[in-house]
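Summary of structural features
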Amino acid sequence: MTKSQQAILIINHFSKGILAPIMNLILLGKGATLQTLPLFLGVYSTVALCSELPSGVSADLFGRKRVYLLSCGFEILALVLLLFGENVFWLVSAMVFMGLGRSFASGSIDALFIDDSISMYGKDILPKVTTQMAILEGSGLALGSILGGFIANSSHTFGINIRLRLIMTIILLGLCALFVNPQASEKTSEHKSLRLHLKQGKELLLSRSEFSYLLMGFVLFGMLLAAVETYWQPAFLAISPENSTWMLGIITSLGFSTVILGSWLTKRLLERDRNWWRLYTYGRLIFGVCIINFALQKNAFGYILSYGFLYVLLGANSVLDSSILNRISPSNMRASALSLSSLAVQLGYLSASLISSILVTHIDISGLWIMVGVFMCGFGLSIGLVTQRNQKKAKSRSH
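For the structure given in this document, a descriptive report is provided here. (Residues numbered from 1 in each chain as written. Predicted model: local features only at pLDDT ≥ 70, side-chain atom pairs only at ≥ 80, totals over all residues. Heavy atoms only, no water.)

Helices and strands together make up the secondary structure of the protein chain, namely 15 helices and zero strands. Expected size for 399 residues packed as a compact globule is a radius of gyration near 21 Å; at 21 Å, the protein chain falls within 12% of this value. The long-range fraction of contacts in the protein chain, counting pairs at least 24 apart against all pairs at least 6 apart in sequence, stands at 84%. Summing over all exposed atoms, the protein chain offers an accessible surface of approximately 18700 Å²; the carbon and sulfur share of this is 68%. (Helix = DSSP H or I, 4+ residues; strand = E, 2+ residues; numbered from the N terminus. Rg over C-alpha atoms; globule rule 2.2 N^0.38 Å. Contact = heavy atoms within 4.5 Å. Areas by Shrake-Rupley, 256 points an atom, 1.4 Å probe, with all protein chains shown as cover.)

This is the structure:
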């Protein structure tokens, strides 16, 4: 990627990190209560979920740059409403525009930068590009979260955080408008009809079984994320000494750091082993075993080590998933494919959140994690057997 592309991505994720640690506190300070807070977050999630796939299709049909600029516009509206809003209507409107901003940004700018890199260097550049994106995302969110927490703690107000995020979003809009150039293939796709695009997407899904495997994996990946992110803090406090709350921030930073490490290690593996589905199978199996081990920890030290290794694997599998998805996705369908994968993760996350809220009172947090780990191992084993069979069939046809 070019320097300007990297700058856009790091600023994008850094600006998101500024509000990440305090978003719920902002809503509470603006009039939400502990009872209504989940409703505001639900509005955001529902809007993002419902507009995820339409935003990807729009990016493929009308241009990734235009859709990303539109997402910046939605974000600016949301932040202005959040900054000056003092009633429920303004807060709900802010959540709606923030959800639209997230979904319209998802996949649009990534698809454009990936296509740009492929057009210059070919598909062999995919491991490097997806790793760069993962590292920029992890480091941007981590640094932004640290700065956001520091500003909120020092100023005792959240207005500075919102204003800083607003300024950086305006800068992003300007950088994208000035320095991002659409690809020629993207311009030609603007003349394609929606019906034709959807028809081609359906044919692609039905003709390539790899897409089905990946989508199932994304759903399970979202379920794992929900199970871990929802319960890791209370699970840690339950097995750690008293007054260990201060360690939660350190563990969170460890998670961001190890995601970056996992992303970098996977890049090396993808460059050495061209059988990416074999790596995918091993990645899922190890992921499943790791979360089972995580669930069995009985002391703080072992818990933190297991948490760090779990997030190494999270970063590794994210890069692997992205590399495979972008390799099998045609350029004119890339934004739609990325949005579809994001939708699958969100559906898995939402379904796991609902299911775990019922099961956790019966099987405890550790039992919930063990169940997810067993599912992940079973999925990895199934994918390994299926892809191995498909590869043998392909070889027999070639002979």
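This part covers the pattern of salt bridges. Where charged atoms from two side chains of opposite charge approach closely, those side chains can pair. Tallied over the full model, the rule gives three salt bridges. Note that Glu 75 is salt-bridged to Arg 165, the shortest N-O span being 3.0 Å. Highlighted residues: Glu 75 in helix α4 (residues 64-84) and Arg 165 in helix α8 (residues 159-179), separated in sequence by 90 residues. Of the two residues, Glu 75 and Arg 165, both sit in the buried class. With a closest N to O distance of 2.8 Å, Arg 284 and Asp 321 form a salt bridge. Here the residue Arg 284 occupies a position in helix α13 (residues 276-295), and Asp 321 occupies one in helix α14 (residues 300-328), the gap between them amounting to 37 residues. Summarising the burial analysis for this pair, Arg 284 and Asp 321 share the class buried. (Salt bridge = Lys/Arg side-chain N within 4 Å of Asp/Glu carboxyl O. Buried < 20%, exposed > 50% of the residue type's maximum accessible area, 1.4 Å probe, protein only.)

Turning next to the packing of aromatic side chains. Summed over all chains, the structure comprises twelve aromatic pairs. Judged by centre distance (6.1 Å) and plane angle (55 degrees), the rings of Phe 221 and Phe 287 are tilted. Of this pair, Phe 221 sits in helix α11 (residues 209-239) while Phe 287 sits in helix α13, and the two are 66 residues apart along the sequence. Per residue, the accessibility class of Phe 221 equals that of Phe 287, and both read buried. Aromatic ring contacts, followed pair by pair, group Trp 232, Phe 236, Phe 294, Tyr 303, Tyr 307, Tyr 311 and Trp 369 into a single cluster. (Phe/Tyr/Trp six-rings, centres within 6.5 Å; stacked < 30°, edge-to-face > 60°.)

Contact pair α4 / helix α6 (residues 108-121): the axes reach a minimum separation of 8 Å and the direction vectors enclose 150 degrees. For the pair α4 and α6, the sense of crossing is left-handed. In this structure, α4 contributes Arg 64, Lys 65, Val 67 and Tyr 68 to the contact, and α6 contributes Ser 108, Ile 109, Ala 111, Leu 112 and Asp 115. Per-class residue counts for the contact of α4 with α6 are five nonpolar, one polar and three charged. (Axes fitted to C-alpha atoms, helices over the stretch in contact; angles between N-to-C directions. Left-handed = near helix turned anticlockwise from the far one by under 90°. Nonpolar A, V, L, I, M, F, W, Y, C, P; charged D, E, K, R; others polar.)

If you trace the backbone, Ala 134 turns up in helix α7 (residues 126-155). C-alpha of Ala 134 to C-alpha of Tyr 213: the two residues are 79 residues apart in sequence and 22 Å apart in space.

This part takes up empty space enclosed by the protein. Applying the stated rule across the entire model yields one cavity of 30 Å³ or more. Volume-wise, the largest cavity comes out at about 30 Å³. Together, Phe 211, Leu 214, Leu 215, Phe 218, Leu 325, Ala 337 and Leu 340 line the largest cavity. Elements represented by at least two residues in the lining of the largest cavity include exactly α11 and α15 (334-398). It is α11 that contributes the most residues to the lining of the largest cavity, four residues altogether. (1 Å grid on protein atoms, 1.4 Å probe; cavity = no way out; pocket = protein on both sides within 12 Å on 5 of 7 lines; lining within 4 Å. Points joined across faces, edges and corners; volume = space filled by probe spheres on them.)

Turning to the nonpolar core, a few remarks are in order. Within the largest apolar cluster, 83 residues are counted, with the highest numbers of intra-cluster contacts made by Phe 113, Val 228, Trp 232 and Trp 369. It is α11 that provides the largest number of residues to this core, a total of 14 residues. In this structure Trp 369 touches Ala 227, Val 228, Tyr 231, Trp 232, Ala 235, Ile 291, Phe 294, Ala 295 and Tyr 303, once residues within four positions along its chain are discounted. Counting 20 residues, the second-largest nonpolar core is a separate cluster that includes Ile 22, Ile 26, Leu 27 and Ala 78. (Core = buried A, V, L, I, M, F, W, Y, C linked by side-chain atoms within 4.5 Å.)

Right, let's get into the side chain of Ser 55. With respect to the helices, strands and loops of the structure, Ser 55 is situated in helix α3 (residues 37-62). Discounting chain neighbours no more than four positions away, the residues touching Ser 55 are Val 67, Ser 103, Phe 104 and Ser 339.

Residues Val 80, Phe 84, Phe 89 and Trp 90 make up a contiguous nonpolar surface patch of about 430 Å² in total accessible area. When contributions to the nonpolar patch are tallied by element, the ones reaching two or more residues are α4 and α5 (88-105). By secondary structure assignment, the location of Val 80 is in helix α4. Using a relative accessible area of 32% as the deciding quantity, one classes Val 80 as partly exposed. (Patch = residues over 30% accessible without salt bridge, like charges linked within 9 Å, V, L, I, M, F, W, Y side chains within 5 Å.)

The next point concerns the state of the cysteines. Under the definition given, this model contains zero disulfides. Cysteine Cys 72 remains unbridged, with the sulfur of Cys 176 as its closest cysteine sulfur at 6.3 Å. As a non-bridged cysteine, Cys 377 has Cys 290 as the owner of its nearest cysteine sulfur, 10 Å distant. Here Cys 377 falls in the buried class, since its relative accessible area comes to 19%. (Disulfide = S-S within 2.5 Å.)

A word on unusual backbone geometry. With phi around 70 degrees, Asp 364 is a residue other than glycine that occupies positive phi space. Note that Asp 364 resides in helix α15.

The subject of this paragraph is the packing of α7 against α14. Running from amino to carboxyl end, α7 crosses α14 at an angle of 135 degrees, the nearest separation of the two axes being 9 Å. Regarding the angle of α7 to α14, the classification is oblique. As for how α7 packs across α14, the hand of that crossing is right-handed. Contacts between α7 and α14 involve Leu 126, Pro 127, Thr 130, Thr 131 and Ala 134 on the former and, on the latter, Val 319, Ser 322, Ser 323, Asn 326 and Arg 327. For the contact of α7 with α14, the residue count by class is four nonpolar, five polar and one charged. (Parallel < 35°, antiparallel > 145°, perpendicular 65-115°, else oblique.)

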